[in-house]
Every structure is written in C-alpha cells, then in structure tokens.
Amino acid sequence: MSWFKRSKEGITTATSDKKEVPEGLWVRCSNCKTLFTSDDLAHNNYVCDRCSHHERIGSEEYFQLIFDDGNYTEIAADLTSGDPLEFTDTKKYVDRVSATQKATGLKDAVRTAKGTIDGQKLVISAMDFQFIGGSMGSVMGEKIARGIDEAIKTNAAFMIISKSGGARMMEAGYSLMQMAKVSGKLGQLSEAKLPYISYLTDPTTGGVTASFAMLGDINIAEPGALIAFAGPRVVKETIGRDLPDGFQTSEFLLEHGFLDFIVDRTEIKQKLSLAVKMFMS
Amino acid sequence: MSTYLDFEEPLKSLEEQIAQTKELGESTNVDMSEQLAELEQVLQEKTKEVFSGLTPWQRVQLSRHPDRPYTLAYIDALTNGQFIELHGDRSVKDDKAMVGGFGMIDGKSVMLIGQQKGINTKMRQYRNFGMPNPEGYRKALRLMKLAEKFNKPIITFIDTPGAFPGLEAEERGQGEAIARNIYEMMRLKVPVICIIIGEGASGGALGIGVGDKVVMLENTWYSVISPESCSSILWRSWNFKETAADALKLTSTDMRKNGLVDEVIPEPSNGAHRNPEEMFQVVKAKIKDYISELEKQDPDKRVEDRIEKFCQMGVWK
C-alpha cells in the first residue's frame, strides 16, 4: 500500500494558474555548478555562497556595491571612441563599437563616477569586460584622466577597478600611449598627496597590468583573479611546458609581493572605506 | 656577407657587379672608373626606387634586418669608445637584453640605455633576442635615477620584439617593472630622449620609451602589438601579417602623422643597415640638437610639458 494516492486522475491545474519559472531565474556558479536563484546571487554580490567564486560583474554592480546607497554621479559618460586609424580586421572597428554599444548599453569599456563611501569622497573608474574585453583605448585613457582631475579638484581618494584584456588593438599606437597618459596623470595625483587604490579583478592582463593597475599606493585584488602581463597561453608557448597550479592568480601575485592584500568582494566596501580613512584622516 | 631581403634582391646583383668590376680593374690595371661610375649611378637609382615604395610590412622587415646596427653599435659610434657600461639591477641579476651606462658624446657626459639584440646565433641567445626580463627594466630605471641624481641627460635606444613573456618574468613582475618605469620616466627631472632604432613592440618598448623627444628612425615600427601577433589574435591566423601591418599604422611616417612620436629621423638612402656610419652621424647630430634644446628648459616645465604631451594622445568623440 502506498502512502500517497492520487485522488483525481490527470493534471488538474488549469493552464492559466500554472506558475512559470521565468527564464534566467536560476543560475549556476561557473566554478562549482551550484544552483542559485539570480536574486540570491545578486544579493551576495555575485559571489558563490558555497565555493566563494567571484562571478565577473560590471561597473554598475561595483558602483552599487561601493558608493553609499548606490548613489553616484558619472563623469564624462558620453565619451565614445573615434576611429583614428580607420581600422578594419574581420569587421570595421566603428561597426564593432556600435554593435557592442547596442548589445551592452555601455559607451566604452570604462565608466568613471564620483560619490561617497561612508561619507568620504571617492572617485572610481571601473571597467566593463563585456565591452570588447575591457580593452583600453583612447576613451579609457581620457575617462580615467578626467577621474583623476576630479579627485584632485575635490580632494577625493581615487580608485581604478581593473578588468581588462589589455590595450585595444584597433587603436594601435594610440592605445599604447594611454599607458603613458594615465601614468602621467597618476603622477599628478601623487603630487596632490591623494591616495590611489588599484583593485584588480578577473582578468587584468597586458597593457593594463603593465601600467596603472600595478601602480596603486595600495594594490588589492579579488580572490582567484587572473592577473598577468603576458597571458597564460603565451607564457606556456614560450616555455614549452605546463604552467604550475595557481600561476598568475591573485594569490600567486600576493605571494610574490605585488599585491598588498586580497579582499572578498563582499568585504570590499568595509576594507576600502577603512583604507581611505587611514589615508585621508 | 650581407643579407638581402627579397625586395632588396635587385640591389644585390648590382652591388656584386660593382665589386667584380672593381676587382677586375685592380687585377688587370685597366681603368674601370667610367664603368664603375655608371654602375654606381644605376645602383643609386635602383636603391631610390626600391626604398621609396616600401610597404609597412617591408618596413617591419627592414627594422629586423640582421645587418642593422644595434644599441651598442650606436653607443660605440656616438661616444667613440668613451663609454662605461654599468650592470645589474641590484636585486636579481644583470639582464643582457638591456644595456646601459655613462658615455661621453663630444665632451658631454650622458646616460645611454637600450635593448640589445645579438649579432649571431650565440649572441642572440645571450641577449635573449632583445627581450628584457623585469631585471632589465629595473636596471634601466636604476641608471635613469643615477643620471637624474647627477643631472645628466638620458638617451634610450628602443629595439625590442617585446618584453620577455616567460614564467620567471611573470613571477618577478614584468608588468610592475614596466609600469614603474613609465611612471618614473614621466617625472625625471633631466632631459629624456628616446630613439626607436629597430622594433618598438608595445609595453616592452614603452618601458624605456617615455621622453621629451620620442623619435623614430625611418625604417622602424612602433605599436601596441607586432603585426604577426595582431594577425593571430584578430584574424585567428598567422597569414594576415601584411594586412595587420597596414592596419596598425605602425610605420614612422604614420606614427608621426598621428602625433604619437615627435620626429622621424631619415635613414641613408639605402637604409641604416647598408650605411651604418652615415646613420650614426645623423643620429649623433640629432641627439646634440635635442640636448641643447631641452637643456634650455626649466626642469619642472619640461616634466609638465612631457606629461601634457602624452595626455594629448588619443581620439574620442
């Protein structure tokens, strides 16, 4: 004898009463494959509850996470790429940019904003990896430069959240020179005795690593992020053997002395706020 | 024994003909000066023809020509041997791909630094093909700081296929080393002159490439990536290097046109690799001009101008 028995045959719920699970409500952690509702994951700042894997997020999520009450004012929001070299690979650069803008709703791979963190003034430039791999072109250089100008003008702390594959090839020489440009601006920030905090997130490679990402008064990173000058594939080809476990992760860089500390995204606001206070009070 | 690139082949037979004619004249005591003059004339015209219509990819090939003079050859010629090479980054080791030291140019002492390629297979390995490790950049920075302390102008020679992408290089912070150099070079209180004498590949070049004067020799390239790597990433194949070389606008002419370098130094009509002596003289004269121009400026203003120059680079809407 079974414990439960259908009292009526067939499906009795009317189609109109059926509860749909909306698409995209469930998401899997890309590391341990645990299922979460997207609300839960968002609530935990896109960090997996179980394995603490940090999913990649964009500038908006970081601004919401760090600025008081998620309030901020964006700086130079409307800047977009020119096409100085009239660059074409398999696609025209201008088309690539406009298609990406349409798909992402973003103008370029970085956004700069000012706001407060526990009442202290802070300017942040945060990258969006979904915009051509977070690549650095003229717009990124200029938007970061404007952020630094703003920090100097308002006596605020400055932070860059790096998440980039490196320089944008379609702007060739121009993108290379952004490394010099931002470094020059950071020098001015330093003269003004204002702190620059570099937050490295997955992934930070190439020209971004070889310039401002490594130049923080403090360099901090999210756990498990890929941080490299040459990417792992290139290094592997160069040396002709497999790379050691954990090579080029945040933990590896901390061990080799290039980071001050690693901080979970869920604790970044608290740690950052304290750091700003240490510098500015 | 010189090496000829495929587009230089027409010059090869002419040069051989001239050599043979000379030899014949000497051995038979017959006056061949008329024939020789004629041949020289033809060679000159042919040289002009070959070198006037170079494609960007051919310029890239020239920049890597095995007969091209490398950093130490320039240093030796400029200083007439009055050069003290200094070694080591005082931390890890001495990087053979980056050389530097104090030198005397016509009685004026300067700091000379540059990437160094090898002149034969053994030396190429010894010099790591001109690809510095972090120690190289840190050695360069140490020497620059030394120059600043003693108020000496700095001249860097850029010739690298890139910073070395090795495992130890990553462990020891290749990115940080280059970043630090860029940052510090921007603020050096002495005149800084950077000359691209061959290949200027990306961060590896920029790591000693921030200066009041950044100039390129005519047949060199400078960009964010080599045409080969660009081809492999954007076209997912190694076969588009010529197209990539066009697209990147990496020649001296294009880089000057776009305001990314300050000047192009013309090479001898047959290239620096065929006539290094003339090249050295031109470079020496330029360096002396730059130094006397830059030394007139107030150091703080010079730094300000340097930062401002790089801040102007970029195109946006």
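This is a predicted model, so every value here is computed, not measured. (Residues numbered from 1 in each chain as written. Chains lettered and ligands numbered in written order. Predicted model: local features only at pLDDT ≥ 70, side-chain atom pairs only at ≥ 80, totals over all residues. Heavy atoms only, no water.)

Residue and element names in this part refer to chain B. Domain annotation of chain B identifies domain 1 (8-53) and domain 2 (60-311). Computed from C-alpha atoms alone, the centre-to-centre distance between domain 1 and domain 2 is 35 Å. For the pairing of domain 1 and domain 2, the buried interface totals around 450 Å² over both sides, and the portion due to carbon and sulfur atoms is 53%. When the area that domain 1 buries against domain 2 is broken down by residue, the three leading residues are E8, T47 and F51, summing to 80%. Here domain 1 is connected to domain 2 by 1 salt bridge. Taken together, the connections running from domain 1 to domain 2 amount to 3 residue pairs in polar contact (both at pLDDT 80 or more). Among the residues forming the side of domain 1 that touches domain 2, the class breakdown is 1 nonpolar, 1 polar and 2 charged. (Domains from an automatic or database assignment. Buried area = accessible area lost by both parts, 1.4 Å probe. Salt bridge = Lys/Arg side-chain N within 4 Å of Asp/Glu carboxyl O. Polar contact = N/O pair within 3.5 Å; in protein donor to acceptor, adjacent residues only side chain to side chain. Nonpolar A, V, L, I, M, F, W, Y, C, P; charged D, E, K, R; others polar.)

F158, L186 and F212 of chain A together with Y222 of chain B are the most contacted members of the largest nonpolar core, which totals 106 residues. It is helix 5 (residues 172-191) of chain A that provides the largest number of residues to this core, a total of 9 residues. With near-sequence residues (within four places) excluded, L186 of chain A lies in contact with I148, F158, Y196, F212 and L215 of chain A together with Y183 of chain B. (Core = buried A, V, L, I, M, F, W, Y, C linked by side-chain atoms within 4.5 Å. Buried < 20%, exposed > 50% of the residue type's maximum accessible area, 1.4 Å probe, protein only. Helix = DSSP H or I, 4+ residues; strand = E, 2+ residues; numbered from the N terminus. Contact = heavy atoms within 4.5 Å.)

A few words now on unusual backbone geometry. Note the cis peptide between D202 of chain A and P203 of chain A, where omega equals -10°. By secondary structure assignment, the location of P203 of chain A is in strand 7 (residues 196-204). One non-glycine residue, N128 of chain B, lies in the positive phi region at around 50°. Here N128 of chain B lies in the loop between helix 5 (121-126) and helix 6 (134-149). According to the relative accessible area criterion, N128 of chain B is buried, its value standing at 19%.

Turning our eyes to something else, we now look at the sheet that holds strand 4 (residues 110-117) of chain A. All names here are of chain A. Across the sheet, 7 strands lie side by side as 3-4-5-6-7-8-9; this open sheet has mixed pairing. Strands at the two margins of the open sheet, each flanked by one partner only, are strand 3 (73-75) and strand 9 (261-262). As defined by bridge partners, strand 5 (residues 120-127) adjoins strand 6 (residues 157-164) across 5 bridges and the pair is classed as parallel. Bridge pairing in strand 6 links S125 to I160. (Pairing = 2+ DSSP bridges.)

With that settled, the discussion passes to the side chain of D128 of chain A. Residues and elements named next belong to chain A. Inspection of the secondary structure assignment puts D128 in the loop between strand 5 and helix 4 (138-154). At 2.6 Å, the side chain of D128 forms a polar contact with the side chain of S59. Among all residues touching D128, those that are not within four sequence positions of it are G58, S59, L106, A109, R111 and G134.

What follows deals with the packing of helix 4 (residues 71-79) of chain B against helix 13 (residues 276-295) of chain B. Residues and elements named next belong to chain B. Two elements in contact, helix 4 and helix 13, have axes separated by 10 Å at closest approach and are oriented at 70°. As judged from the angle between their axes, helix 4 and helix 13 are roughly perpendicular. Of the two possible hands of crossing, helix 4 and helix 13 adopt the one that is right-handed. From helix 4, A73, Y74, A77 and L78 reach across to helix 13, where they touch M279, F280, V283, K284 and I287. Across the contact of helix 4 with helix 13, the residue classes break down as 8 nonpolar, no polar and 1 charged. (Axes fitted to C-alpha atoms, helices over the stretch in contact; angles between N-to-C directions. Parallel < 35°, antiparallel > 145°, perpendicular 65-115°, else oblique. Left-handed = near helix turned anticlockwise from the far one by under 90°.)

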